[in-house]
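Spelled out, the chains give:
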Amino acid sequence: MELKDKNVLITGSTRGIGLAIAHKFASLGANIILNGRGEVSEDVLAEFKDYPVKVFAVIGDVSDSADAKRMVEEATLAMGSVDVLVNNAGITKDKLMLKLTEEDFEQVLKVNLTGAFNMTQAVLKPMTKARQGAIINMSSVVGLTGNIGQANYAASKAGLIGFSKSVAREVAARNIRVNVIAPGFIESDMTDGLPEKIKEASLAQIPMKRFGNTEEVADVAVFLASQEYLTGQVITIDGGLTMQ
């Protein structure tokens, strides 16, 4: 897919990986639809002023099916179409299994997994009619390996992989591709706040001996959006952490 002039909706794109993905697509000439649960600040919007692209913001909660449908409708009305969807919005509520509540479990699944379902279902009808589209779902290496204290998060991210492969099979004949990115340790506010001992222990497990950065994840996203014969795949970007 030629990305110039395509319209890309990235959920959870006001900071971190989502914002980096938005910048990468914009740098290649794609129009950007930002999303956050609250207002998208003028400062974030101003970051895109130097790109020769259109930028639009939709506010809403991906875990609410009506909200998801409304956001896609608003984006389509403003931009004409949604050609690429990146399901990046996600939350964590980390606790050991014995302390994990039903609410902790359900809230994480509702945003991370049901949210992707809601947004995907909302874009599929117009994509099917257009007979083109790309959907990229943000999983995690935790969805492949599990992790102590993250049973809810791992379940949501593993479920996202199975969901993506199933949808990829359903829509491939309509030239719609569905792929997954599974990041490992990526430099972020979360990793910055880790104690030095935990950082050192984490780095010791990574063959490349460093954390990744958001721009590297964004590179994978634009690659998956542009490759027209690639679907149903999980691309890990983790410095070799989970290599087999």
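Conventions we followed
Residues numbered from 1 in each chain as written. Predicted model: local features only at pLDDT ≥ 70, side-chain atom pairs only at ≥ 80, totals over all residues. Heavy atoms only, no water. Salt bridge = Lys/Arg side-chain N within 4 Å of Asp/Glu carboxyl O. Helix = DSSP H or I, 4+ residues; strand = E, 2+ residues; numbered from the N terminus. Buried < 20%, exposed > 50% of the residue type's maximum accessible area, 1.4 Å probe, protein only. Pairing = 2+ DSSP bridges. Axes fitted to C-alpha atoms, helices over the stretch in contact; angles between N-to-C directions. Contact = heavy atoms within 4.5 Å. UniProt positions renumbered as here; feature names shortened; annotations may be inferred.

Quick notes on the pattern of salt bridges
By the definition in use, this model includes eight salt bridges. Residue Lys24 pairs with Asp219 through a salt bridge whose shortest N-O separation is 3.0 Å. Of the two residues, Lys24 is situated in helix 1 (residues 16-27) and Asp219 in helix 9 (residues 214-226); the sequence distance between them amounts to 195 residues. According to the relative accessible area criterion, Lys24 is partly exposed, its value standing at 25%. Residue Asp219 is classed as partly exposed on the basis of its relative accessible area, which comes to 37%. For Glu196, the salt bridge is made with Lys199, and the minimal N-O distance between the two is 3.7 Å. With Glu196 and Lys199 both in helix 8 (residues 196-205) and three residues apart, this pair spans about one turn of that helix.

A word on the sheet that holds strand 4 (residues 84-87)
Pairing in this open sheet of seven strands is parallel, and the strands run 3-2-1-4-5-6-7 from one edge to the other. With partners counted over all chains shown, the strands left at the sheet margins are strand 3 (55-59) and strand 7 (234-237), one partner each. Taken over all neighbouring pairs, the strand axes of this sheet differ in orientation by 20° on average, direction set aside. Against the sheet, helix 3 (residues 65-79) engages strand 1 (7-10), strand 2 (31-36) and strand 3, with an angle of about 160° to strand 3. Most of the contacts of helix 6 (residues 151-171) go to strand 6 (residues 176-183), to which it runs at about 160°, and overall it touches strand 5 (133-138), strand 6 and strand 7.

Describing the UniProt feature "binding site: NADP(+)" (unreviewed entry) in the chain
UniProt tags Gly12, Ser13, Thr14, Arg15, Asn88, Tyr153, Ala154, Ala155, Ser156, Lys157 and Ile186 as "binding site: NADP(+)" (unreviewed entry). Of the residues just listed, which span 175 residues, the most distant C-alpha pair is 24.9 Å apart, and they do not cluster in one region. With respect to the element layout, Asn88 can be found in the loop between strand 4 and helix 4 (102-130). The residue Tyr153 is located in helix 6 in this model. Residue Tyr153 is classed as buried on the basis of its relative accessible area of 15%.

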